[in-house]
Amino acid sequence: MPASPTLLPIPLRLLDDRYGPGNVDEAEDTLIGIVQAVMGEQATCSFDFDTQHANPWFHQLLLEPSAAGKPATQEQLQAMAAQLEALGLG
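Predicted, not measured: the structure shown is a model, and the values here were computed from it.

Engineer: Can you break down the environment of phenylalanine 47 residue by residue, with the values?
Structural biologist: With respect to the element layout, phenylalanine 47 can be found in strand 2 (residues 44-50). The exposure class of phenylalanine 47 is partly exposed, given its relative accessible area of 32%. Ignoring any residue separated from it by four or fewer positions in sequence, one finds phenylalanine 47 in contact with Glu28, Leu31, Ile32, Leu61, Leu62 and Leu63.

Engineer: An account of the packing of helix 1 (residues 12-19) against helix 2 (residues 24-39) is requested, with residue identities and associated values reported.
Structural biologist: Their axes nearest at 9 Å, the elements helix 1 and helix 2 cross at an angle of 95°. Looking at the two axes, helix 1 sits roughly perpendicular to helix 2. Along its contact with helix 1, which presents Leu12, Leu15 and Tyr19, the element helix 2 presents Val24, Glu26, Ala27 and Thr30. Class assignment for the residues of the contact of helix 1 with helix 2 results in five nonpolar, one polar and one charged.

Here is what the cut-offs are and how they apply
Residues numbered from 1 in each chain as written. Predicted model: local features only at pLDDT ≥ 70, side-chain atom pairs only at ≥ 80, totals over all residues. Heavy atoms only, no water. Helix = DSSP H or I, 4+ residues; strand = E, 2+ residues; numbered from the N terminus. Buried < 20%, exposed > 50% of the residue type's maximum accessible area, 1.4 Å probe, protein only. Contact = heavy atoms within 4.5 Å. Axes fitted to C-alpha atoms, helices over the stretch in contact; angles between N-to-C directions. Parallel < 35°, antiparallel > 145°, perpendicular 65-115°, else oblique. Nonpolar A, V, L, I, M, F, W, Y, C, P; charged D, E, K, R; others polar.

Written out as structure tokens, the structure reads:
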């Protein structure tokens, strides 16, 4: 699945390193906290996985943040990506 401009891709290998293999659910509070810090307390996000690549190194969690039915702007996605990077998830 190609990344959409409204999706924030997070390498699964980095989530595995931080939270343990297959423990994506453990990262949920952190990820939602980042989305809400940037987009406001009412912001939500949906999650999907891109595991189509044969090499698991390239598998990703695709985070789709939104607030009031509107997707995140590029500026908001960049702010979230910076916070993920600071946590070692980007």
